[in-house]
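Commentary on secondary and tertiary structure
Here are the chains, one letter per residue:
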Amino acid sequence: FEYLEKRLYTIKQIEQVSELTLLGNIPSVRKRNSILLSNNSPRYYEVAFQSLRTHILMLNHKNPLKVLLLTSVHPGEGKSTTLVNLGTSIAQTGDNVVMVDGDMRKPKLHTLCQVPNEIGLRNILEEDLVLTEAFQWLDANICVIPAGPPPADPTSLLMSDTISTLIERLSKMFSYVLLDAPSILAVPDAKLLAGHVDGLILVVNGATATEETINDATKLLENMPVKPLGMVINKAELNHSYYYYHE
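First, a word on what this report is: a plain description of the structure on this page. Sequence order as written defines the numbering, with residues in each chain counted from 1. For this predicted model, a pLDDT threshold of at least 70 governs which residues receive local features, and a threshold of 80 or more governs which side-chain atom pairs are given and counted, while totals over whole chains, interfaces and linings are taken from all residues. For side-chain calculations, the full set of non-hydrogen atoms in the structure is used, while hydrogens and water are omitted.

**Digging into the nonpolar core**
As a reminder of what qualifies: Among the buried residues, those of types Ala, Val, Leu, Ile, Met, Phe, Trp, Tyr and Cys that are joined through side-chain atoms within 4.5 Å form a nonpolar core. Accessible area is worked out with a 1.4 Å probe on protein chains only. A residue is then buried under 20% of its type maximum, exposed over 50%, and partly exposed in between. For helices the rule is a DSSP run of H or I covering at least 4 residues; for strands it is a run of E covering at least 2, with both sets numbered from the N terminus onward. We call two residues contacting when some pair of their heavy atoms lies within 4.5 Å.
If you look at the biggest cluster of nonpolar residues, it comprises 48 residues, and the most contacted ones within it are Leu170 and Leu202. Per-element tally for this core: the top contributor is helix 8 (residues 161-173), with four residues. In this view, Leu170 contacts Val98, Val100, Leu131, Phe135, Ile145 and Val177; residues no more than four positions away in its chain are not counted. Listed in part, the 32 residues of the second largest apolar core include Val29, Leu52, Ile142 and Val232.

**Re the sheet that holds strand 1 (residues 22-27)**
This is how the line gets drawn: Each pair of strands is called paired provided DSSP finds at least two bridges between the two strands. All axes are obtained by fitting lines to C-alpha atoms, using only the stretch in contact for helices, and the reported angles, taken between N-to-C directions, cover 0 to 180 degrees.
Read from one edge of the open sheet, eight strands run 1-8-7-2-6-3-5-4, paired in mixed fashion. This sheet does not close on itself; its edge strands, each paired only once, are strand 1 and strand 4 (136-139). Strand after strand, the sheet turns through a mean of 20° between neighbouring axes, direction not considered. Here five bridges tie strand 2 (residues 67-72) to strand 7 (residues 199-205), and the two strands are oriented parallel to one another. Paired with Leu69 across the bridge in strand 7 is Leu200.

**Remarks on helix 4 (residues 79-91)**
Rule in force here: The span one expects for a helix is its residue count, reduced by one, times 1.5 Å.
Over its 13 residues, helix 4 extends 18 Å from the first C-alpha to the last, a length consistent with the 18 Å expected when each residue adds 1.5 Å. Across the 13 residues that make up helix 4, a large majority, twelve, are buried. Listing the buried residues of helix 4 in full gives Lys79, Ser80, Thr81, Thr82, Leu83, Val84, Asn85, Leu86, Gly87, Ser89, Ile90 and Ala91.

**Some words on the packing of aromatic side chains**
Here is the rule: Each Phe, Tyr or Trp ring, with Trp reduced to its six-membered ring, pairs with another whose centre is within 6.5 Å; inter-plane angles below 30 degrees give stacked pairs, above 60 give edge-to-face pairs, and intermediate values give tilted ones.
Per the stated rule, a full pass over the model turns up four aromatic pairs. Taking 6.1 Å as the distance between ring centres and 85° as the angle between the ring planes, the aromatic pair formed by Phe135 and Trp137 counts as edge-to-face. Judged by relative accessible area, which is 10%, Phe135 ranks as buried. Owing to a relative accessible area of 47%, Trp137 belongs among the partly exposed residues under this scheme. When the centroid spacing of 5.7 Å and the interplanar angle of 70° are considered together, the rings of Phe135 and Phe174 count as edge-to-face.

**Details of the layout of surface pockets**
Counted only if it meets this: Cavities and pockets were defined on a 1 Å grid built over protein atoms only: a cavity is a set of grid points that admits a 1.4 Å probe from which the probe cannot escape, a pocket is an open set flanked by protein on both sides within 12 Å along at least five of seven lines, and lining residues are those with an atom within 4 Å of any such point. Grid points are joined across faces, edges and corners, and a volume is the space filled by probe spheres set on the points. Here the nonpolar group is Ala, Val, Leu, Ile, Met, Phe, Trp, Tyr, Cys and Pro; Asp, Glu, Lys and Arg are the charged ones; every other residue, Gly included, is treated as polar.
One number sums up the size of the largest pocket: a volume of about 710 Å³. Lining the largest pocket are 31 residues, with Gly76, Glu77, Gly78, Lys79 and Thr81 sitting closest to its centre. Only strand 1, helix 3 (43-62), helix 4, helix 5 (109-113) and strand 8 (228-236) provide two or more residues apiece to the lining of the largest pocket. Tallying contributions element by element places helix 4 first for the lining of the largest pocket, with four residues. Across the lining of the largest pocket, the residue classes tally to eleven nonpolar, twelve polar and eight charged. Its volume calculated, the second largest pocket comes out at about 250 Å³.

**Quick word on the environment of Val177**
If you trace the backbone, Val177 turns up in strand 6 (residues 176-180). Judged by relative accessible area, which is 0%, Val177 ranks as buried. Sequence separation between Val177 and Ser18 is 159 residues; the distance between their C-alpha atoms is 26 Å. Excluding residues that lie within four positions of it along the chain, Val177 makes contacts with Lys66, Val67, Leu68, Val98, Val100, Leu170 and Ser171.

**So, the environment of Lys191**
By the secondary structure assignment, Lys191 is in helix 9 (residues 189-194). For the pair formed by Lys191 and Leu158, sequence separation is 33 residues and the distance between their alpha carbons is 9.8 Å. Among all residues touching Lys191, those that are not within four sequence positions of it are Asn223, Met224 and Pro225.

**Considering the packing of helix 2 (residues 11-18) against helix 10 (residues 211-222)**
Rules: If an angle is under 35 degrees, it is roughly parallel; if it is over 145, roughly antiparallel; if it lies from 65 to 115, roughly perpendicular; otherwise it is oblique. With the far helix as reference, a near helix turned anticlockwise by less than a right angle produces a left-handed crossing, and one turned clockwise produces a right-handed crossing.
It is at 9 Å that the axes of helix 2 and helix 10 come closest, and there the two elements cross at 40°. With respect to their mutual orientation, helix 2 and helix 10 come out oblique. The two elements helix 2 and helix 10 meet at a crossing, and its hand is right-handed. Contact with helix 2, carried on its side by Ile14, Val17 and Ser18, involves Glu211, Ile214, Asn215 and Thr218 of helix 10 and no other residues of that element.

**Topic: helix 2**
Counted only if it meets this: Working note: the arc is built from the helix axis to C-beta atom directions.
Burial in helix 2 covers these residues: Ile11, Ile14 and Ser18. The buried side chains of helix 2 occupy one side of the element, clustering within an arc of 65° when seen end-on. Exposed and facing more than 90 degrees away from the buried side of helix 2 are Lys12 and Gln16. Along its buried surface, helix 2 packs onto strand 1, strand 7, helix 10 and strand 8. Positioned one or two residues after helix 2, Glu19 has a phi angle of 60°, which is positive.

Purely spatial values, then, with no claim about function.
Quick look at the structure:
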């Protein structure tokens, strides 16, 4: 009963506990193969990411936000899927986007985007590699840098000066750099990456959120090198306005 009492059931409850700005709420989709945006995605799902994109682009008018980091409270909350769909939505406006898998422990981007993982972030940080050799183009203006083979010590790699140089180079080559980081309660990697970005977005699974985990996350966010822009709630209840777009 104690667990049920601490469970957060609505978007409003999660907002109140976290005290973070709500950047977007992403409804669930019925079919597993529809979690990535495509021509077959439900209209309300597409609109949810358009709304998230618009919110971020509006923030960009106030302060330059070229490099964004997405993290989550726990693994499995949908941050990687959110990142890919956000990148896809931004690319649809004509801006060019690079998505970097900064989770070298349990990488997901190569699987989601169906690209090879033989060369990636690890190779860039460890070797004298031509940067473009790690690029995997999904379309004319959207690119993926996978994590690459798992290193023995990802944290040490992320503490090197090379990561700062890499992100600076990418920010000059692309309109937006989206970094997929491990969950903040699991390992320190997200905090290390946060020192090189313009903004941080927390992805929360609305179907499993509890008061305890949200409180733990917000305490960790207070010590991040960059102030969080806000949060995205996955598997949120369907906003009534989205029903207009239901197909």
